[in-house]
Amino acid sequence: MPGNELTRFTLPNGLRVVLAPDPTAPVVGVSVHYDVGFRSEPEGRTGFAHLFEHLMFQGSESLEKLAHFRHVQSSGGTFNGSTHPDYTDYFEVLPSAGLERALFLEADRMRAPKITAENLANQIDVVKEEIRLNVLNRPYGGFPWILLPPVLYQTFPNAHNGYGDFTELESANLDDCAQFFDTYYAPANAVLTVAGDLDVERTRDLIDRHFGDVPARSAPDRPSFGEPRPAGQLESEHVDPHAPLPALAIGYRMPDPIAELDGYLANLVLASVLTEGDASRLQQRLVLREPLVTDVNAACGLFGPFEARDPDTFTITAVHSPDVTQDRVLAAVDDELEKLATTAPSDQELAKVVARWVAGLHREHDRLVSRTLALGSFELLYGDPGLVYQLTDRLSAVTPDAVSAAAKGLRPDSRAVLIVSPAGGEK
Amino acid sequence: MTFRTAAEIGRTEKGPRPLPELGDQRSATGLTSVDTVLDNGLRVIAVHQPTVPMAEVRLRIPFAGTDRRHSAIAEVLAATILTGTQRRDRVAMDTDLALVGGELGAGVDPERLAMGGNALASGLDTLLDVLADALTGAAYRDEEVEGERARLVERIAVARSQPSVIAREALQRHRYGDHPFTRETPEAADVATVTADEVRAMHRESVLPRGSVLVFVGDIAPDTVIAKIGAALAGWSSDKSAVELPDLPDVVGGDVLFVPRPGAVQSQLRLSAQAIRRTDPRYPALQLANLTYGGFFSSRLVENIREDKGYTYHARSSLEFTVRGATLLVDADTASEVTAPALLEMRYELGRLGAVPPTAEEVDTVRQYAIGSLLISTASQTGLASQLAALAPLGLGTDWLVEHPDRLAQVTAEQIAEAAREFFSPTRFTGVVVGDGAQLPALRSLGGVVE
């Protein structure tokens with residue numbers, strides 16, 4: 001397939017670079033992944049990694065406030081950034097004439113972001129509106145990504161709310177910003193990815209020109225976020241002022257996404273066997289046959305797979321009628337997991353899952369923005385961007401017994417159960 | 001370890017650097033496509049875009065109805081059309097699709113029944129077969145209708161607890177009263193009484209090829225696909241045409257309606273005004289005027305109420321198209337305490353767009369953005385399929401897409417200024433604000449807000 005040949009190199013300042021030429025369409029994607037996410041933010045500063053992501057758009061030495069957006073969009077391009085558990089990414093997708101501009105914009109803020117008290121105050125307000133919109137003012141806000149981790153995990157990095165507490169966001173100051181940037185936004189702690197309509201040699205020259213003199217700083221030590229698995233079933237209830245129906249989230253620990261990739265992929269296949277399509281196990285049992293729930297979903301990772309290092313979370317979520325008790329839902333889930341643990345799924349069940357995964361990966365890679373970001377995050381997390389193109393084969397190689405073993409690993413005596421109770425709902 | 005200050009971080013010895021010029025832009029390669037009408041009246045557009053070995057399908061069936069129960073029956077029909085046929089039960093539908101990496105879904109709104117999906121290109125025949133099977137042989141078994149009906153009642157309750165849905169329903173009623181276009185979410189009580197017989201009857205009467213459009217995009221040969229579709233859908237026929245939505249009245253400017261939502265921590269602001277269709281010669285100018293107002297990040301509205309004042313995370317203006325018309329929509333969600341000032345700024349920017357027309361720099365930015373973002377969105381199979389599915393019901397197709405960058409390039413600054421004056425005058429707009437009245441004492445003092 002076009003775009004599968006990768007060029008990788010590292011600049012003297014430590015910046016890792018991935019180039020993925022693909023001439024199919026005259027557009028190009030540029031992304032920078034920094035190896036810091038909300039699991040690394042300091043105690044007392046919840047939400048800081050995400051707030052800092054906003055500040056990286058607020059201007060740099062060569063760019064006034066608003067200039068970044070205007071330069072991308074007046075080049076016909078789009079942009080965004082997002083904060084994940086273990087990394088923060090920034091990207092532009094543009095008609096390929098804008099390639100050098102995108103490199104310039106990313107280099108300028110990697111070298112010298114202009115962080116002012118005024119912009120900090122402005123973006124604290126914007127982030128608070130974002131949290132009101134996505135969490136506080138809607139039903140099931142933060143379900144399960146904010147609500148489940150404090151039940152499943154005990155340590156601050158894994159358990160805390162990555163969107164942040166309003167009072168902690170409001171207390172962020174310029175020194176916090178400077179310290180966070182100097183610690184985590186070093187070129188040696190970042191990956192630059194360029195994919196699409198590009199010439200490799202010319203792009204190398206442009207990268208040297210724009211990123212070559214970003215001063216080297218040492219990459220920070222990366223702590224392990226490991227913690228013991230729960231020794232029982234941990235439970236908690238959240239009262240949702242807007243929700244009309246009760247909901248349930250079950251959280252389990254999973255194999256290490258990096259060190260135990262094959263085990264992780266078996267969990268990915270298991271999630272699909274459980275809830276992907278009308279013929280899947282939990283859709284059949286919980287939604288169609290009994291029926292106990294309105295919707296059910298199983299997933300690897302709180303934001304999807306390949307977003308985090310260890311520990312990562314396997315979730316099963318369901319919204320159900322108030323007439324159904326949570327115990328009935330739990331018992332049915334446990335029963336289906338037990339069946340899979342005892343008897344491996346059929347070859348046809350796996351063939352269906354794998355074909356849908358292959359198709360899904362094709363569709364994801366067809367969108368240049370997704371492909372660029374996937375290459376960057378796999379370089380960052382796995383040191384191997386080419387793994388993006390091998391996932392299809394690796395998933396195809398998952399055996400029925402491996403899926404059975406994954407089901408066995410989701411134990412009732414080592415998990416978190418979060419219950420969302422409606423507080424009356426909308427009138 | 002010692003750290004620099006924020007001020008030290010923001011400057012280097014070399015100082016600010018100049019922005020690089022844009023390089024040369026290669027144009028997109030041409031599209032190979034076929035656009036034809038089958039004997040049964042179905043329009044089919046097939047486009048060869050082999051970026052990945054997939055095929056995307058979109059079907060749009062005009063599906064309007066004036067009966068009070070129409071939206072409830074239509075919603076159950078959309079939820080059950082893919083749950084089994086004479087030949088396949090629900091599990092077989094899903095299994096056949098899954099084995100070729102495929103998926104199909106259905107949804108309905110007051111204008112159209114929409115079906116869409118995809119499969120590995122090697123599984124095109126299966127995808128077509130399952131789609132044709134549903135269109136010509138959907139069984140609507142009693143147990144599937146009853147099960148989906150019960151789930152819909154719960155999903156409707158969840159939908160109506162979303163502030164965005166509450167605001168949309170209020171805006172629709174405020175703009176269009178009781179027109180069928182307002183019935184986007186049916187009443188749970190109506191859905192609860194829909195019978196399988198009613199759904200089967202609606203399928204016979206309304207799931208019709210004449211007037212509908214089917215779009216295929218992917219690693220496919222258009223001529224072959226057309227022939228296959230003709231064969232697969234040979235049994236789908238009727239002399240009648242699919243039913244288009246009755247004409248909508250023009251949106252008339254007027255007071256903004258306040259809709260109470262006690263306990264809300266944020267308010268929904270929604271403004272709307274009458275606009276014009278894509279085929280109108282003034283459309284490209286309106287598109288660029290809208291971008292300048294609030295249609296993208298570097299717009300006056302976003303730079304004002306988000307980046308300057310911090311009133312909102314998300315503010316936007318956009319064009320909403322129906323087959324025979326279009327409207328402008330402006331929306332933002334803001335904290336209660338800044339709701340009144342945000343509405344004031346939205347109105348101020350509406351007036352300013354006419355009074356202080358887009359500058360040369362603004363015109364250049366919105367033009368490049370409109371051309372570039374179209375190029376980006378049509379570079380993927382899913383993007384191209386969705387664009388065509390939106391254009392096709394308006395009688396447009398790939399030609400319109402291919403020619404549109406040139407249309408945008410030709411628009412003059414004066415035409416954009418004229419569109420700004422004509423369409424963005426504040427008095428042309430009406431709208432709704434949803435929020436907690438107790439926290440919004442300043443709202444009424446703005447004027448033009450009623451309860």
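Note that the coordinates shown come from a computational prediction; the quantities given were computed from them, not determined experimentally.

Cut-off values and rules
- As a convention, each chain's residues are numbered from 1 in the sequence order in which they are written.
- In the order they appear in the text, chains get letters beginning with A and ligands get numbers beginning with 1.
- Totals for whole chains, interfaces and linings use every residue, but because this is a predicted model, local features are given only for residues with pLDDT of at least 70 and side-chain atom pairs only at 80 or more, for both listing and counting.
- The side-chain numbers reported here are obtained from all heavy atoms of the structure, hydrogens and water having been left aside.
- Comment: elements are numbered from the N terminus, with helices defined as DSSP H or I runs of at least four residues and strands as E runs of at least two.
- We take the radius of gyration over the C-alpha atoms and set the globule estimate at 2.2 Å times the residue count to the 0.38 power.
- For every residue, the accessible area obtained with a 1.4 Å probe (protein chains only) is divided by the maximum for its type, and the residue is called buried under 20%, exposed over 50%, and partly exposed between those limits.
- Throughout, a contact is declared for two residues whenever any of their heavy atoms are within 4.5 Å.
- For every accessible area listed, the method is Shrake-Rupley and the probe measures 1.4 Å; residues are considered covered only by the protein chains on display.
- A positive count includes Lys and Arg, and a negative count includes Asp and Glu. His and the chain ends are not counted in either.
- Just so you know, the charge point we use is NZ for Lys, CZ for Arg, CG for Asp and CD for Glu.
- DSSP-based pairing: two strands are paired if at least 2 bridges between them are found.
- Lining residues are those with an atom within 4 Å of a point, where the points come from a 1 Å grid over the protein atoms alone and group into cavities, where a 1.4 Å probe fits but cannot get out, or pockets, open sets with protein on both sides within 12 Å along at least five of seven lines.
- Grid points are joined across faces, edges and corners, and a volume is the space filled by probe spheres set on the points.
- Each residue gets one label: Ala, Val, Leu, Ile, Met, Phe, Trp, Tyr, Cys and Pro are nonpolar, Asp, Glu, Lys and Arg are charged, and the others, such as Gly, are polar.
- UniProt positions are given in the numbering used here, feature names are shortened, and annotations may be inferred rather than shown by experiment.
- Between N-to-C directions, angles cover 0 to 180 degrees, with each direction set by a line fitted to C-alpha atoms, over the stretch in contact for helices.
- In this scheme, roughly parallel covers angles under 35 degrees and roughly antiparallel covers those over 145, while 65 to 115 is roughly perpendicular and the rest are oblique.
- Crossings are assigned a handedness: left-handed for a near helix turned anticlockwise from the far helix by less than a right angle, right-handed for a clockwise turn.
- These domain boundaries are the output of an automatic or database domain assignment.
- Accessible area, probed at 1.4 Å, shrinks when two parts are joined; the buried area is that loss added up over both.
- Just to be clear on terms, a salt bridge is a Lys or Arg side-chain nitrogen sitting within 4 Å of an Asp or Glu carboxyl oxygen.
- Counting of polar contacts relies on pairs of N or O atoms within 3.5 Å, with two restrictions inside protein: one atom must be capable of donating a hydrogen and the other of accepting it, and residues adjacent in sequence are counted only when both atoms are side-chain atoms.
- The length a helix should cover is 1.5 Å for every residue beyond the first.
- Working definition: rings of Phe, Tyr and Trp (its six-membered ring) pair if their centres are within 6.5 Å, and the pair is stacked with planes under 30 degrees apart, edge-to-face with planes over 60 apart, and tilted otherwise.
- The rule is short: NZ of Lys or CZ of Arg within 6 Å of the ring centre and within 35 degrees of the ring normal puts a charge over the ring.

**Student:** Please explain the overall build of chain A as it appears in this structure.
**Tutor:** Of the regular secondary structure elements, chain A holds 16 helices and eleven strands. For 427 residues, the compact-globule formula gives about 22 Å, and the C-alpha radius of gyration of chain A, at 22 Å, lands near that figure. Residue burial in chain A is summarised as follows: out of 427 residues, 66% are buried. Once local pairs closer than 6 in sequence are excluded, the contacts in chain A between residues at least 24 apart make up 81%. Carbon and sulfur atoms provide 49% of the accessible area of chain A, an area that totals close to 14300 Å². Measuring between centres, the 36 positive side-chain charges of chain A sit 2 Å from its 61 negative side-chain charges.

**Student:** Would you mind going over the pairing of strand S8 (residues 266-274) of chain B with me for this structure?
**Tutor:** Successive side chains on a regular strand alternate, one facing one side of the sheet and the next facing the other. Residue and element names in this part refer to chain B. Of all the nine residues making up S8, nine are buried; the element is thus mostly covered by neighbouring parts of the structure. What you see with S8 is no split at all: Gln 266, Gln 268, Arg 270, Ser 272 and Gln 274 on one side and Ser 267, Leu 269, Leu 271 and Ala 273 on the other are buried throughout. Bridging between S8 and strand S10 (residues 325-335) involves nine bridges; their strand directions are antiparallel. Pairing of Leu 271 across the sheet is with Val 330, part of S10. Bridge analysis of S8 against strand S11 (residues 430-435) gives five bridges, and the strand direction is antiparallel. Across the sheet, the residue bridging to Leu 271 is Gly 431, located in S11.

**Student:** What am I meant to see in the layout of surface pockets here?
**Tutor:** Here the idea is plain: a probe the size of a water molecule rolls over the atoms and shows the empty space left. The space that makes up the largest pocket amounts to roughly 820 Å³. Surrounding the largest pocket, 33 residues form its lining, Pro 26 of chain A together with Ser 27, Ala 28, Thr 29 and Leu 375 of chain B being those nearest its centre. For the lining of the largest pocket, the elements supplying multiple residues, two or more each, are helix H13 (360-377) and helix H15 (398-410) of chain B. Sorting elements by how many residues they give to the lining of the largest pocket places H13 of chain B first, with five residues. In terms of residue class, the lining of the largest pocket is built from 17 nonpolar, 15 polar and one charged.

**Student:** Would you mind going over the UniProt feature "domain: Peptidase M16 N-terminal" (unreviewed entry) in chain B with me for this structure?
**Tutor:** The positions that UniProt labels "domain: Peptidase M16 N-terminal" (unreviewed entry) are, in the present scheme, residues 73-184 of chain B. In residues 73-184 of chain B, the share of helix is 57% and the share of strand is 13%. The end C-alpha atoms are 12 Å apart.

**Student:** Teacher, can you tell me more about the UniProt feature "domain: Peptidase M16 N-terminal" (unreviewed entry) in chain A here?
**Tutor:** Within this structure's numbering, the places UniProt gives as "domain: Peptidase M16 N-terminal" (unreviewed entry) are residues 16-132 of chain A. Spanning residues 16-132 of chain A, this segment combines 38% helix with 24% strand, and its end C-alpha atoms are found 37 Å apart.

**Student:** So what exactly am I meant to see when it comes to the UniProt feature "domain: Peptidase M16 C-terminal" (unreviewed entry) in chain A here?
**Tutor:** Under the present numbering, the feature "domain: Peptidase M16 C-terminal" (unreviewed entry) in UniProt falls on residues 172-354 of chain A. From the first C-alpha to the last, residues 172-354 of chain A spans 46 Å; its make-up is 39% helix and 21% strand.

**Student:** What's the story with the packing of helix H10 (residues 283-295) of chain B against H13 of chain B in this structure? I'm lost.
**Tutor:** The angle between the axes and the distance between the axes are what describe a pair of packed helices. Residues and elements named next belong to chain B. Between H10 and H13, the shortest axis-to-axis distance is 9 Å and the interhelical angle comes to 110 degrees. Taken together, the axes of H10 and H13 are roughly perpendicular relative to one another. By crossing handedness, the relation of H10 to H13 is classed as right-handed. Along its contact with H10, which presents Gln 287, Leu 288, Leu 291 and Thr 292, the element H13 presents Glu 362, Val 366, Arg 367, Tyr 369 and Ala 370. Class assignment of the residues belonging to the contact of H10 with H13 gives a composition of five nonpolar, two polar and two charged.

**Student:** What is the right way to read the domain arrangement of chain B from this model?
**Tutor:** Residue and element names in this part refer to chain B. On domain assignment, one finds that chain B holds domain 1 (32-232) and domain 2 (256-450). The straight-line distance from the C-alpha centre of domain 1 to that of domain 2 is 29 Å. Listed per partner, the contact involves 33 residues of domain 1 and 32 residues of domain 2. Summing the contributions of domain 1 and of domain 2, the shared interface buries around 2400 Å²; its carbon and sulfur component is 62%. At the junction of domain 1 and domain 2, the tally comes to two salt bridges. Taking the shortest distance from any N to any O, the salt bridge between Arg 168 and Glu 320 comes out at 2.7 Å. In this assembly, domain 1 and domain 2 are joined by 13 residue pairs in polar contact (both at pLDDT 80 or more). Those elements that provide at least two residues to the side of domain 1 that touches domain 2 are strand S1 (32-37), strand S2 (43-48), strand S3 (54-62), helix H6 (163-176) and strand S6 (213-218). Of the residues contributing to the side of domain 1 that touches domain 2, the split by class is 16 nonpolar, seven polar and ten charged.

**Student:** Hey, could you run me through the interface of chain B and chain A in this one?
**Tutor:** When the parts of a complex come together, some accessible area is lost, and that lost area is often used as the size of the interface. Opposite the 88 residues of chain B that make contact, chain A presents 88 residues. Buried surface at the junction of chain B and chain A, summed over both partners, amounts to about 7400 Å²; 57% is from carbon and sulfur atoms. Considering only the side of chain B, the residues that lose the most area to chain A are Arg 17, Glu 307 and Tyr 313 of chain B, jointly responsible for 9% of the buried surface there. For Arg 26 of chain B, the salt bridge goes to Asp 197 of chain A, with nearest N and O atoms at 3.4 Å. Here chain B and chain A share 42 residue pairs in polar contact (both at pLDDT 80 or more) between them.

**Student:** Please clarify how H10 of chain B should be interpreted in this entry.
**Tutor:** Because an α-helix packs 3.6 residues into every turn, residues spaced three or four apart end up facing the same way. Residue and element names in this part refer to chain B. Under the 1.5 Å per step criterion, the end-to-end length of H10 is only 14 Å for 13 residues, more than 12% shorter than the ideal 18 Å. By the criterion of burial, H10 is predominantly enclosed, with twelve of the 13 residues buried. Within the span of H10, buried status applies to Tyr 283, Pro 284, Ala 285, Leu 286, Gln 287, Leu 288, Ala 289, Asn 290, Leu 291, Thr 292, Tyr 293 and Gly 294.

**Student:** Explain the sheet that holds strand S4 (residues 103-108) of chain B here, please?
**Tutor:** Backbone hydrogen bonds are what pair the strands of a sheet, in a parallel or an antiparallel way. Residue and element names in this part refer to chain B. Strand order in this open sheet of six strands is S1-S2-S6-S3-S5-S4, and the pairing throughout is mixed. Lying at the two open borders of the sheet, with one neighbouring strand each, are S1 and S4. Direction aside, neighbouring strands of the sheet carry axes that sit 10 degrees apart on average. Pairing analysis gives six bridges linking S3 to S6, with the strands arranged antiparallel. Considered in S6, the bridge of Arg 58 is made with Val 215.

**Student:** Whenever I open this one, the packing of aromatic side chains confuses me. Can you help?
**Tutor:** The description of two aromatic rings rests on the distance between their centres and on the angle between their planes. Inspection of every chain in the model, using the stated rule, returns 32 aromatic pairs over all chains. Aromatic side chains Tyr 140 of chain A and Phe 143 of chain A sit 6.4 Å apart centroid to centroid with 55 degrees between the ring planes, which places their arrangement in the tilted category. Cluster of aromatic residues (ring-pair linked, three or more members): Tyr 34, Phe 48, Phe 52, Phe 57, Phe 69, Phe 79, Tyr 90, Phe 180, Phe 181, Tyr 184 and Tyr 185 of chain A together with Phe 297 of chain B. Between the NZ or CZ atom of Arg 109 of chain A and the centre of the ring of Phe 57 of chain A, over which it lies, the distance is 4.6 Å.

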